[in-house]
Amino acid sequence: MEFFEAIDKRYSHKERFLPDAVPMTDLEQIAKAGLAAPTGNNTQCVKLVILNGRDEVQPLCDVAPTDGMQTAPAAIALLTDSTGHRPPYNFEVEDYAAAAAQILLAATALGYSSLWLDSPYFDEKKQKAALAVLGAPDKYLLRVVLPIGKPDGEGSRREKLAFNERVFYGKM
C-alpha cells in the first residue's frame, strides 16, 4: 500500500476482529516500523512486547477489558523506561507517541486494523497488573496497547474536521 493511502485508510478500529492469526513476520515488520520512529536525544526508551495469539493477548485483556482487545488475535504493548533520561529532558511521551503512530500506519499498510488503547492503564492497579502480565520491571510504564488484526466488517470511522478548519497559513 502506498504511504499516503495508508494514512488515509488508518482509523481506530473499535469493533470485532476476525480470529485469523497474524503472522509473526508481519508483527515484527510492524514493530520495526515503531522502533524506526524518532526518539528524543536518541534515548530509545520505548520497548515493545509483541503478543501473538489470544493466549498471549487474553491475560492483558483480563487486566483491563476493552472492546478493542476482546477479539484481537495479536497486540503490541509499548512501554517506556525513564531511567535513561537526563533532566531536564524527558521525551517518553513524544517517543512512544511517535512509535505508536508508525506502528498504526505500518499495520494499516499491511492490511490490518488497530486501535490506540492507553486510558485503561491510567489506573495504578491496572498498570501494575499489566506490567506483571508483560513481565516488565517496575521501572517501566505501560503507555499504550495496540490490538492488531483483520477487521470483522467495515468498522466505523469518525469524521475529521475539514482541512481549512485546522490548517492556517502564516498565522492563525
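For every chain, the first residue of the written sequence is number 1, and numbering continues from 1 onward in sequence order. Only residues with pLDDT of at least 70 get local features here, since the model is predicted, and only at 80 or more are side-chain atom pairs given and counted; chain-wide, interface and lining totals rely on the full set of residues. For side-chain calculations, the full set of non-hydrogen atoms in the structure is used, while hydrogens and water are omitted.

Novice: Help me out: how do you make sense of the environment of Y89 in this one?
Specialist: Note on conventions: DSSP H or I runs of at least 4 residues are helices, E runs of at least 2 residues are strands, and numbering of each starts at the N terminus. Topologically, Y89 is positioned in the loop between β2 (74-81) and α5 (92-109). The exposure class assigned to Y89 is partly exposed, which follows from its relative accessible area of 47%. Throughout this description, buried means an accessible area under 20% of the type-specific maximum (1.4 Å probe, protein chains only), exposed means over 50%, and partly exposed covers the range between.

Novice: Would you mind going over the sheet that holds β2 with me for this structure?
Specialist: By way of backbone hydrogen bonds, the strands of a sheet pair with one another, either parallel or antiparallel. Read across the open sheet, the 4 strands follow the order β1-β2-β4-β3; overall the sheet is antiparallel. The outermost strands of the open sheet, each flanked by one partner alone, are β1 (46-52) and β3 (113-114). Two strands qualify as a pair provided that DSSP identifies no fewer than 2 bridges between them. Looking at chain direction, β2 and strand β4 (residues 140-149) are connected through 8 bridges and run antiparallel. Counted as the bridge partner of A75 is P147 from β4.

Novice: I tried to follow the layout of surface pockets on my own but got confused; where do I start?
Specialist: A water-sized probe, rolled over the atoms, reveals where empty space remains. Using a grid of 1 Å spacing that covers the protein atoms alone, one calls a set of points a cavity when a 1.4 Å probe fits there but cannot get out, and a pocket when the set is open and has protein on both sides within 12 Å along at least five of seven lines; lining residues are those with an atom within 4 Å of a point. Grid points are joined across faces, edges and corners, and a volume is the space filled by probe spheres set on the points. Space inside the largest pocket adds up to approximately 320 Å³. Looking at the largest pocket, it is lined by 14 residues, and the ones nearest its centre are R10, Y11, S12, R158 and K160. When grouped by side-chain class, the residues that make up the lining of the largest pocket number 4 nonpolar, 2 polar and 8 charged. Each residue receives one of three labels: charged for Asp, Glu, Lys and Arg, nonpolar for Ala, Val, Leu, Ile, Met, Phe, Trp, Tyr, Cys and Pro, and polar for the others, Gly being one of them.

Novice: Got a minute to help me understand the nonpolar core in this structure?
Specialist: To qualify as a nonpolar core, a set must consist of buried Ala, Val, Leu, Ile, Met, Phe, Trp, Tyr and Cys residues joined through side-chain atoms within 4.5 Å. Judged by nonpolar contacts, the single largest core of 22 residues is most densely connected at I30, I76, L78 and L146. Counting residues per element, the ones that place at least two in this core are α2 (24-35), β2, α5 and β4. Element by element, the count of residues in this core is highest for α5, at 8 residues. Residue contacts are defined here by distance: any two heavy atoms, one from each residue, within 4.5 Å place the two residues in contact. Discounting chain neighbours no more than four positions away, the residues touching I76 are L27, I30, A31, L48, V49, I50, I103, V144, V145, L146 and I148.

Novice: Looking at this structure, how should I read a nonpolar patch on the surface?
Specialist: A surface patch of nonpolar side chains, about 330 Å² in accessible area, is lined by F3, F4 and I7. Here I7 lies in helix α1 (residues 3-9). According to the relative accessible area criterion, I7 is partly exposed, its value standing at 38%. Like-charged residues within 9 Å of one another, or nonpolar side chains (Val, Leu, Ile, Met, Phe, Trp, Tyr) within 5 Å, are grouped into patches, provided each residue has over 30% relative accessible area and no salt bridge. In these tables, accessible area is a Shrake-Rupley quantity obtained with a 1.4 Å probe, and a residue counts as shielded only by the protein chains included in the view. Criterion for a salt bridge: a side-chain nitrogen of Lys or Arg within 4 Å of a carboxyl oxygen of Asp or Glu.

Novice: Honestly, the packing of aromatic side chains in this entry has me stumped. Any pointers?
Specialist: Each Phe, Tyr or Trp ring (for Trp, its six-membered ring) is paired with any other whose centre lies within 6.5 Å, and the angle between the two planes then decides the class: stacked below 30 degrees, edge-to-face above 60, tilted in between. Taken as a whole and judged by the stated rule, the model has 2 aromatic pairs. Where F3 meets F4, the ring centres are 5.1 Å apart and the plane angle is 80°; that geometry is what we call edge-to-face. Seen in terms of ring centroids, Y96 and W116 are 6.1 Å apart; in terms of plane orientation they differ by 45°. Their pairing is tilted. Placement of Y96 in helix α5 and of W116 in the loop between β3 and α6 (124-134) is noted, with a sequence separation of 20 residues between them. Among the residues examined, Y96 registers a relative accessible area of 10% and is labelled buried.

Novice: Honestly, the confidence of the model for the chain in this entry has me stumped. Any pointers?
Specialist: Should the pLDDT be low somewhere, the predicted coordinates at that spot are not to be read in detail. Residues at a pLDDT of 70 or more form 98% of the chain, whose mean pLDDT is 92. Each residue gets a pLDDT score, which is the predictor's confidence in that residue and runs from 0 to 100. When mean pLDDT is compared element by element in the chain, α2 scores highest at 98, while helix α4 (residues 67-70) scores lowest at 87.

Novice: Hey, could you run me through the packing of helix α3 (residues 54-63) against α6 in this one?
Specialist: In a pair of packed helices, the angle between the axes and the distance between the axes together describe the arrangement. The angle between two axes is taken between their N-to-C directions and runs from 0 to 180 degrees, where each axis is a line fitted to C-alpha atoms and a helix contributes only its stretch in contact. Their axes nearest at 9 Å, the elements α3 and α6 cross at an angle of 165°. The orientation of α3 with respect to α6, classified from their angle, is roughly antiparallel. Here α3 runs over α6; the crossing is right-handed. Of α6, the residues touching α3 (which contributes P59, L60 and V63) are K126, A129, A130, V133 and L134. Considered class by class, the residues forming the contact of α3 with α6 number 7 nonpolar, no polar and 1 charged. In this scheme, roughly parallel covers angles under 35 degrees and roughly antiparallel covers those over 145, while 65 to 115 is roughly perpendicular and the rest are oblique. Helix crossings fall into two classes, left-handed where the near helix is turned counterclockwise from the far one by less than a right angle and right-handed where it is turned clockwise.

Novice: So what exactly am I meant to see when it comes to α3 here?
Specialist: Residues lying three or four places apart along an α-helix face the same way, a consequence of the helix completing one turn every 3.6 residues. If you check which residues of α3 are buried, you get V57, L60, C61 and V63. Mapping the buried residues of α3 onto a view down its axis gives an arc of 150°, with all of them on the same face. In this structure, α3 carries D55 and D62 as exposed residues pointing more than 90 degrees from its buried face. Looking at the packing, one finds that the buried side of α3 touches β1, α4, β2, α6 and β4. The arc refers to the directions leading from the helix axis to the C-beta atoms.

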